[in-house]
Amino acid sequence: MEKITKFIECLLPVTSCNIRCSYCYVIQENRRKMEIPKLNYPIETMIKAMTKERFGGTCYFSICGAGETLIPEYTLDIVYGLLQNGHYVNITTNGTISKRFDELISRFPKSCNKRLHFAFSFHYLELKRLNLISSFFENVKKVKNAGCSFTVQINMCDEYMPYIDEIKTLCENEVGACPQVAVTRKETDYPKTKISLATEGSEQAYVEAGRKFDSPLFEFTYKNFLVKRKEFCYAGDWAYVLNLKTGLLKRCYCSCVVQNIFKNIEKPIFKMAVGKACNASYCSNSSHFMSLGVIPEIDCPSYHMLRTRQGWYQKEMQEFLDQKLSISNKEYTPLKKILTSIVGIYDKLAYSLYLQLLAHKSKKDKTEGH
């Protein structure tokens, strides 16, 4: 079994999407521009920049678009390159771009597919409106038959509450189990975002609805929703956030420490943990980062255990995603932790200034728009 060395959350800034969900964060923040951006660097350069040797071992790359991840033709080129490098890869998708799944099956060897995972977002009402439910489940079955692992999940929100039994029955019939469920947030006042549960009703009613799916993912994301993390976090050393268009690698979402890893592919990757200086109000992607162990002192289920249902995971992927990042990385000494926290103070100041500039730009754009 290969040891997991790093986790890299890869952002693909494509805002084009073929569905329109009311709870979409990109729509809430008015960032849905229906764009498919050109990559700043050739695919070949990007893949050479993301080798095992450069990152220190086998990594888990999770690729997600601001729109539908599989709309750009180049998405599968990136995925295939990462798999050829020996890494494990997740693709988050709405499961409707059938031609991409057909291309994947005809192109990727099964030796690669066993290291490939799909997070299928089941946007039930939009799929129903567009008559795409059959296509969605056909594509789930395609990747399963090709030897890939997968998860089917929904984003819990008010509009799904009248359809819970319908959703559960449909998924049980099609993929053998009801979906996993993620707590969904509502965002307002971007960029200084105010966050709340995606419900107009009571929190109790929202939680009761989510728990009808018996979902470990729901319990975990609810438990950690809006909880400010004060423990020592190793994001920035054991895990990163990467913009696949620009090559800019950050410690986490809310950090100004950055390196362009595609510009000079010989340059070592920086290692500078967030420590106790997290700029985020809470770990918004806790089911990725925390479950993989970026905060070792928190005991939590593995990435696999939060998402699995019987028959959804191949053995090799299951074993890989049951590991924690501490298996390949050393924790800092007390002195190094102190020094890391001092550096974090400057990052906090830089990030605060960045938010002020974004807010000023947003206000100016709104004024000029009127």
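Now for a quick tour of the structure. The structure displayed is predicted, hence computed values, not measured ones. (Residues numbered from 1 in each chain as written. Predicted model: local features only at pLDDT ≥ 70, side-chain atom pairs only at ≥ 80, totals over all residues. Heavy atoms only, no water.)

Moving on, we get to the overall build of the chain. The helix and strand tally for the chain stands at 15 helices and eleven strands. A globule of 370 residues ought to have a C-alpha radius of gyration of about 21 Å, and the chain, at 20 Å, matches this closely. Taking the principal axes of its C-alpha atoms as reference, the chain extends roughly 55 × 50 × 45 Å. Across the 370 residues of the chain, 54% fall into the buried class. For the chain, long-range pairs separated by at least 24 residues make up 76% of all intrachain contacts whose partners lie at least 6 apart in sequence. Just so you have it, the chain exposes about 16,900 Å², and 53% of that area is on carbon and sulfur atoms. The average position of the 51 basic charges and that of the 38 acidic charges among the side chains of the chain differ by 6 Å. (Helix = DSSP H or I, 4+ residues; strand = E, 2+ residues; numbered from the N terminus. Rg over C-alpha atoms; globule rule 2.2 N^0.38 Å. Buried < 20%, exposed > 50% of the residue type's maximum accessible area, 1.4 Å probe, protein only. Contact = heavy atoms within 4.5 Å. Areas by Shrake-Rupley, 256 points an atom, 1.4 Å probe, with all protein chains shown as cover. Lys, Arg positive; Asp, Glu negative; His and termini not counted. Charge placed at Lys NZ, Arg CZ, Asp CG, Glu CD.)

As enumerated under the stated definition, the model contains 28 aromatic pairs in all. Ring plane angle 70° and centroid distance 6.5 Å describe the contact between tyrosine 60 and phenylalanine 320, whose orientation is recorded as edge-to-face. Of the two residues, tyrosine 60 sits in strand 2 (residues 59–65) while phenylalanine 320 sits in helix 14 (residues 315–321), which places them 260 residues apart along the sequence. As far as the burial class goes, tyrosine 60 and phenylalanine 320 line up, both buried. Ring centres 5.6 Å apart and planes at 25° place the aromatic pair phenylalanine 118 and phenylalanine 120 in the stacked group. Of the two residues, phenylalanine 118 and phenylalanine 120, neither departs from the other in class, the shared state being buried. Site record: aromatic cluster; members linked through ring pairs are Phe101, Phe118, Phe120, Phe122, Tyr124, Phe136, Phe137 and Tyr163. (Phe/Tyr/Trp six-rings, centres within 6.5 Å; stacked < 30°, edge-to-face > 60°.)

Looking now at helix 4 (residues 74–84). Counting buried positions along helix 4 yields nine of eleven residues, so the element is predominantly enclosed. Within helix 4, the full set of buried residues consists of Tyr74, Thr75, Leu76, Ile78, Val79, Tyr80, Gly81, Leu82 and Leu83. Immediately beyond the C-terminal end of helix 4, within one or two residues, lies glycine 86, with a positive phi of roughly 95°.

This part is about the packing of helix 8 (residues 133–145) against helix 9 (residues 164–175). Axis separation between helix 8 and helix 9 bottoms out at 10 Å; the angle between their running directions is 40°. Compared by their axis directions, helix 8 and helix 9 come out oblique. The two elements helix 8 and helix 9 meet at a crossing, and its hand is right-handed. Two secondary-structure elements touch here, helix 8 through Ile133, Phe137, Val140 and Lys141 and helix 9 through Leu170, Cys171, Glu174 and Val175. (Axes fitted to C-alpha atoms, helices over the stretch in contact; angles between N-to-C directions. Parallel < 35°, antiparallel > 145°, perpendicular 65-115°, else oblique. Left-handed = near helix turned anticlockwise from the far one by under 90°.)

Next up on the list: the side chain of arginine 251. Topologically, arginine 251 is positioned in the loop between strand 10 (248–250) and strand 11 (258–260). By relative accessible area, arginine 251 is classed as buried at 0%.

The next thing to look at is the sheet that holds strand 10. Taken in spatial order, the nine strands line up as 6-5-4-3-2-1-9-10-11 in an open sheet, and their pairing is mixed. In this open sheet, the two strands that pair with only one neighbour each are strand 6 (180–183) and strand 11. Here the average twist between neighbouring strands, direction ignored, is 25°. Two strands pair when backbone bridges link them, and strand 9 (residues 239–243) and strand 10 are joined in this way by two bridges, in the antiparallel orientation. From the neighbouring strand, leucine 242 faces strand 10, where its bridge partner is leucine 249. The sheet contacts of helix 11 (residues 216–223) involve strand 5 (149–156) and strand 6, and relative to strand 6 the element is tilted by about 15°. (Pairing = 2+ DSSP bridges.)

On the surface, Leu335, Ile338, Leu339, Ile342, Ile345, Tyr346 and Leu349 cluster together into a nonpolar patch covering about 770 Å² of accessible area. Following the sequence through the fold, isoleucine 338 ends up in helix 15 (residues 334–369). (Patch = residues over 30% accessible without salt bridge, like charges linked within 9 Å, V, L, I, M, F, W, Y side chains within 5 Å. Salt bridge = Lys/Arg side-chain N within 4 Å of Asp/Glu carboxyl O.)

This part covers the pattern of salt bridges. Going through the model one piece at a time under the given rule, you end up with 16 salt bridges. The salt bridge partner of arginine 107 is aspartate 77, with a shortest N-O separation of 2.9 Å. With arginine 107 in helix 5 (residues 98–107) and aspartate 77 in helix 4, this pair connects stretches of sequence that are 30 residues apart. Overall, the relative accessible area of 30% leaves arginine 107 in the partly exposed class. Residues participating in the shared-partner salt-bridge network are Asp77, Arg100, Glu103 and Arg107.

Bringing helix 8 into the picture now. Along an α-helix, residues three or four apart share an orientation, since each turn contains 3.6 residues. The end-to-end C-alpha distance of helix 8 is 19 Å, a good match for the 18 Å that 13 residues give at a rise of 1.5 Å each. Taken residue by residue, helix 8 has Ile133, Phe136, Phe137, Asn139, Val140 and Val143 as its buried positions. Projected down its long axis, helix 8 carries its buried residues within an arc of 155°, all on one side. Turned more than 90 degrees away from the buried face of helix 8, the exposed residues are Ser134 and Asn145. On its buried side, helix 8 packs onto helix 5, strand 4 (116–121), helix 7 (124–129), strand 5 and helix 9. (Expected span 1.5 Å × (residues − 1). Arc of directions from axis to C-beta.)

Attention shifts here to the pairing of strand 3 (residues 88–93). Counted residue by residue, strand 3 has six buried out of six residues, so it is predominantly covered. Where burial is concerned, the two faces of strand 3 agree: the one with Tyr88, Asn90 and Thr92 and the one with Val89, Ile91 and Thr93 are both buried. As paired strands, strand 2 and strand 3 are joined by four bridges and run parallel to one another. Within the sheet, the bridge partner assigned to phenylalanine 61 lies in strand 3 and is valine 89. Regarding topology, helix 4 serves as the crossover connection from strand 2 to the parallel strand 3, and that connection is right-handed. Inspection of the sheet shows strand 3 paired to strand 4 by five bridges, in the parallel sense. Following the sheet pairing, isoleucine 91 is matched in strand 4 by phenylalanine 118. (Right-handed = clockwise from strand over helix to strand, strands pointing away.)

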